[in-house]
Structure formats: structure tokens, C-alpha cells
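An overview of the molecular structure
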Amino acid sequence: MDREKIMEQNKRYWNEHADFWFGTTALPEYGVNFVTEDELHFFQDVAGKKVLEICCGSGHSLKYLGDRRAAELWGLDISHTQLDHAEEYLRQNGYHAKLLCASMEESTDIPTDYFDYVYSIYGIGWTTDLQGTFRKIASYLKRNGIFIFSWHHTLNYCVSWSCEERHIVEDDKLIFTRSYFDESYFKMPVHDSEIILCNRKISTYINALADAGFVIERMVEQNDKETMENLEDGSTKARKGRMCPISMCFKARKR
Ligand SMILES: C[S@@+](CC[C@H](N)C(=O)[O-])C[C@H]1O[C@@H](n2cnc3c(N)ncnc32)[C@H](O)[C@@H]1O
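Residues numbered from 1 in each chain as written. Predicted model: local features only at pLDDT ≥ 70, side-chain atom pairs only at ≥ 80, totals over all residues. Heavy atoms only, no water.

1. Some thoughts on the nonpolar core
Note on soluble globular proteins: their nonpolar side chains tend to be buried together. Ranked by size, the top nonpolar core spans 39 residues in total, and within it I54, V118, I124, F134, F147, Y205 and F214 carry the most contacts. Those residues in contact with F214, other than ones at most four positions away along the chain, are F134, I137, A138, L141, F147, L209, A252, R253, K254 and R255. By size, the runner-up hydrophobic cluster in this structure holds 24 residues, among which are F43, Y64, L65 and I121. (Core = buried A, V, L, I, M, F, W, Y, C linked by side-chain atoms within 4.5 Å. Buried < 20%, exposed > 50% of the residue type's maximum accessible area, 1.4 Å probe, protein only. Contact = heavy atoms within 4.5 Å.)

Next comes the structure, spelled out in C-alpha cells:
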């Protein structure tokens, strides 16, 4: 599938549906039913630090870091509607962020060797050029700067992306509905529209980080306590959640 067309389709989705996602998937949360920043402490002390969020959405994670006295807040997103929301939300909370409307694949007006932290909460998987995006992110960071990102766990898509619709748990065995090795793009209906994504292997992320000059400090793939321990919930979704990671989160350092 053509890269430009994928980006165009996904951008259209986000411009038309930003309202549905206001404030979701934002720090301290890294993902649905996933351990949070309150437990992980990946950011440590951000006071006085320069931070850049890739795919900043409605700006809630930027506010979270503003509340922790980050010195400079920067956000990049492909959707002007998301950025309008972010600007308004941050303004209402007394913050000003430098917001850039661009794709992470093509972003240009971002200083290099500048940021202490670059991060992305459920954003990176939208890229149509993982290696190029990681290289750009590395260039924005100072030496030893930290890159943190979360995304859907690869296995979660292999066991189906919609456990409501399919019979995917049988006798407490999960059924693969997609090959782990298949990284091709697929269309997914959402609301009254469609998005286009691909499901990358864990090794694809790890090798792309290494090739971009990162050292991985941590990878987390832990569903939260409630998901793991609420044995009374016998729904397909809950049973899947007890057996299969839903999200993953990486913390890496620029060499
Ligand atoms: C799940 S949302 C992120 C939400 C964000 N963490 C928050 O706090 O609101 C994903 C975001 O990625 C953006 N996006 C999708 N494709 C992109 C691309 N190629 N480049 C930059 N942003 C993109 C969307 O516009 C959307 O705002």
C-alpha cells in the first residue's frame, strides 16, 4: 500500500474523530489495562527538562509533564484537530506548548540534540517508516536522552484485534487469527471510518531502535493487576487479558 495514501487516510480519521479520543491514552497511563507511570517511573524527575511528545493528541500527557515542572513542552501531531484540542486544553491549564502539525515521518522544524525526553503514548505504531522515525527521534535527543513509547503489543493483534467479535479463547487456549510474521498493512473499520495499520514484530522494534543508536533500558509488557487478578470475570476479553499482553512499553537511551 502506498505510504502517502496510508498517512492521508489515517490523518483524515484523526481529524474527523478527535473528539472520541479526548484525553484517552495519556500519561500516567501507557495503554488500556496496562501498568502505569505511577508504577514504572520511566520519566524520573522531569523538572527543568525539555520534552517532546510524538503524536501528542489532545495534549493531556504534555499537561502531566507540565504539572511535574518540565521546562519546555513540545508536541507533534499529524492532525490539526488534535492540535487545536491540545492548544485549548493546555491553555486552560495555564501551559503553553510548542505544537507542530506534521507527520512523524516527515517532521522538519524540530531542533536536534536538544531534548532530554522524547516520548509517545500509543503513537509510534502509526508510522509508515519505523526506522526513519526512530532515526529522527534519536536526532532530536541530546546524548543520553531518553526515548519512551508505548503501543499495542504485537501478540494482541495476532490473537485478534476484536475479541468481542471472534471466538478466540477455547478451553483456556488462545487461538491465533493472524501470523506473527505478517507485517503487511491492513484496514480496520473504526466508528464510521477506516484506519490503516500494520503489526510489527517485537524484533522489528528492537532492531530499529538499535540501528537508530538506542540502548534499550527496559521493555514492559505487563497487563495491570486488576486484569491479571480478577478471576471472577469470565468474559472473552478478560480471559484473553489474563493470557496475552495488550500493550508494550519501551524505555531507551540515546548512545
Ligand atoms: C492514540 S492518539 C495519541 C493520544 C495522545 N497520547 C494523547 O495524550 O492524547 C494517536 C495520535 O497519533 C496521531 N498520528 C497518527 N499518525 C501520525 C503520523 N504519521 N505522524 C504524526 N502523528 C500521527 C493522531 O493524529 C493521534 O493524535
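What follows picks up the thread again.
2. Here's the deal with the pattern of salt bridges
One pass over the full model with this rule turns up seven salt bridges. Put simply, R178 and D182 hold a salt bridge, and the shortest N to O gap is 3.5 Å. Judged by relative accessible area, D182 falls into the partly exposed class, the value being 28%. (Salt bridge = Lys/Arg side-chain N within 4 Å of Asp/Glu carboxyl O.)

3. Examining the state of the cysteines
The full count for this structure, using the stated rule, is zero disulfides. With no disulfide of its own, C55 lies closest to C56 among cysteine sulfurs, the gap being 8.1 Å. Classification of C55 as buried rests on a relative accessible area of 18%. C249 takes part in no disulfide bond, and the closest cysteine sulfur to it belongs to C55, at a distance of 14 Å. (Disulfide = S-S within 2.5 Å.)

Read these as layout, nothing more, since geometry by itself doesn't imply function.
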